[in-house]
Amino acid sequence: MNYYALIYDTVNDYVKRRAEFREQHLRVAREARDRGELIFGGAFDDPVDRALIIFCVDDKSKVEEFARKDPYVVSGLVKKWEVRLWKVVVGHERHVPSPAPSGAIARQWSARATESQLPKYLEHFSKNVLPGLRRVPGYLGATVSVRHIGSDAEIFVETTWRSLEAIRDFAGADLEGAVVAPEAAALLKDFERRVRHSEIALSDRA
C-alpha cells in the first residue's frame, strides 16, 4: 500500500459554484473513505484555490479513477488535477481504522476447510474477495478468524457494513443468502448457506 496525494487546482469562482455539487462530491468521498482508500481531504484556505486529498491504496489508478468520477471534476470546478506519490516521513505510517459506528451491521458466516486448503482459501479471500468488497459503497471492513480442529480448520468471516441497504447492494434481494464464488466453494469442505446479521451496539479499537 502506498500513500498518494490528489491535488486539485480549482476555478476562480469555485466557492460560489461548489454548493450545487457539494453533496454529490461528499458522497463519492465518503464511499472511498468507507472502502478504506481515502484518508482525509479538504481545501486550502485564503485563497481557496486548491484542494488536497490523501489516499492509501495499492495502485495509483484507483486515485485517478476517483478524480475522473468526482462531481467537482466532472462539473468543471477543477481546472487541473494531478496524482503524486506521497512519502510519509514523520507521523503514523498506517491509517488506523475507526471503530465501527453504532448502528452499523455485522454480517457473519462460517465455513470449514482442510488445513492444506486453508492457505489457498485465505489467499483467495485476500486477492479476490476483499478488492470486490472495497468497491461496494457502505462496506466498512472484514475480519477472518480460524479455529484449528484436528486436520480441519473452521473459518469465521465477519464483514461490517454501514446499513442493510449497503449489504443489499452486495448480496442482492436475499440478504441472508451466503455469497460464495465457485472458486471459493471448491476450496472448502463445507460452508453455511445462510448468514447472520446483527446491529453493532458498541465498538472499540485500541
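Everything below is about the structure printed above this text.
Just so you know, these numbers come straight off a predicted model, no measurement behind them. (Residues numbered from 1 in each chain as written. Predicted model: local features only at pLDDT ≥ 70, side-chain atom pairs only at ≥ 80, totals over all residues. Heavy atoms only, no water.)

**What about the side chain of T10?**
Summarising the element assignment, T10 is placed in strand β1 (residues 2-10). Once you skip the residues sitting within four places of it in the chain, T10 turns out to touch V48, D49, R50, L77, V78 and K79. (Helix = DSSP H or I, 4+ residues; strand = E, 2+ residues; numbered from the N terminus. Contact = heavy atoms within 4.5 Å.)

**Brief notes about the packing of aromatic side chains**
Using the criterion set out here, one finds seven aromatic pairs in the structure. Here F55 and F66 contribute two aromatic rings whose centre-to-centre distance is 5.1 Å and whose plane-to-plane angle is 65°, an arrangement assigned as edge-to-face. In this pair, F55 sits in strand β3 (residues 50-57) while F66 sits in helix α3 (residues 60-69), placing the two residues 11 residues apart along the sequence. Note on accessibility: F55 and F66 belong to one class, buried. Ring geometry for Y139 and W161: centres 5.4 Å apart, planes at 65°, overall edge-to-face. Remark: W161 occurs in strand β7 (residues 152-161) and Y139 occurs in strand β6 (residues 139-149); sequence separation between them is 22 residues. The exposure class assigned to Y139 is buried, which follows from its relative accessible area of 4%. Given a relative accessible area of 0%, W161 falls into the buried group. (Phe/Tyr/Trp six-rings, centres within 6.5 Å; stacked < 30°, edge-to-face > 60°. Buried < 20%, exposed > 50% of the residue type's maximum accessible area, 1.4 Å probe, protein only.)

**A closer look at the environment of F66**
Taking relative accessible area as the criterion, F66 reaches 6% and is therefore assigned buried. Along the primary structure F66 and A29 are separated by 37 residues, whereas in three dimensions their C-alpha atoms are 8.4 Å apart. Those residues within four positions of F66 in sequence are excluded, and the remaining contacts are L6, Y8, V28, A29, A32, L38, I53 and F55.

**What about α3?**
Those residues of α3 lying buried are V63, F66 and A67. Summarising the axial view, the buried residues of α3 lie within an arc of 95°, below the 170-degree limit, and thus occupy one face. Every exposed residue of α3 that faces more than 90 degrees away from the buried side is listed here: R68 and K69. Buried residues along α3 sit in contact with β1, α2 (22-34), β2 (38-43), β3, α4 (71-74) and β4 (78-86). (Arc of directions from axis to C-beta.)

**Observations concerning the environment of G41**
Mapping G41 onto the fold places it in strand β2. Overall, the relative accessible area of 54% leaves G41 in the exposed class. For the pair G41 and L6, spaced 35 residues apart in the sequence, the C-alpha separation amounts to 9.0 Å. Discounting residues that sit within four places of it in the chain, G41 has contacts with L52 and I53.

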